[in-house]
Amino acid sequence: MTAKVTLSFSDETIEEARRFARREGLSLSAWMDRAAREKALREVFAAHAVAVGRAGGDLEAAALADAREVAMVDDALFGGRPRAA
């Protein structure tokens, strides 16, 4: 399902977003949707890392597990296409 929303951005932000969307062959809406999803996932992974650190877990194993999760998310979001830098 897709929701239509009205958002306000600075001129600089929207121009950069348009430039990145064009470069990646996406509509501005698709690019913004992907950017918001990536930001949300980064927040989840960061919170996970903090929780693992507080629990005194094996940080190396947790980092490797996170890398596997990131690869799975990238595959789900980008279908094996490389993500933009």
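Because the structure is predicted, anything quoted here is derived from the model rather than measured.

*Asks:* Break down the packing of aromatic side chains for me, citing the residues and quoting the values.
*Replies:* For the structure shown, the criterion picks out 1 aromatic pair. Note on Phe20 and Trp31: the rings are 5.8 Å apart at their centroids and 10° apart in plane angle, and the pair reads as stacked. Of this pair, Phe20 sits in helix H1 (residues 11–23) while Trp31 sits in helix H2 (residues 28–55), and the two are 11 residues apart along the sequence. Taking the ring centre of Phe20 as reference, the NZ or CZ of Arg19 above it sits at 4.9 Å.

*Asks:* Mind laying out the environment of Gly79, listing which residues take part and the relevant values?
*Replies:* Here Gly79 shows up in the segment after helix H3 (59–78). As a C-alpha pair, Gly79 and Arg19 span 60 residues in sequence and 22 Å in three-dimensional space.

*Asks:* A description of the pattern of salt bridges should follow, citing residues and the corresponding values.
*Replies:* Counting across every chain of the model gives 4 salt bridges. Between Arg18 and Glu15 there is a salt bridge; the shortest N-O distance is 3.0 Å. Residue Arg18 and its partner Glu15 are both found in helix H1; the two are separated by 3 residues, about one turn of the helix. Overall, the relative accessible area of 36% leaves Arg18 in the partly exposed class.

What counts, and at which threshold
- Residues numbered from 1 in each chain as written.
- Predicted model: local features only at pLDDT ≥ 70, side-chain atom pairs only at ≥ 80, totals over all residues.
- Heavy atoms only, no water.
- Phe/Tyr/Trp six-rings, centres within 6.5 Å; stacked < 30°, edge-to-face > 60°.
- Helix = DSSP H or I, 4+ residues; strand = E, 2+ residues; numbered from the N terminus.
- Lys NZ or Arg CZ within 6 Å of the ring centre and 35° of its normal.
- Salt bridge = Lys/Arg side-chain N within 4 Å of Asp/Glu carboxyl O.
- Buried < 20%, exposed > 50% of the residue type's maximum accessible area, 1.4 Å probe, protein only.

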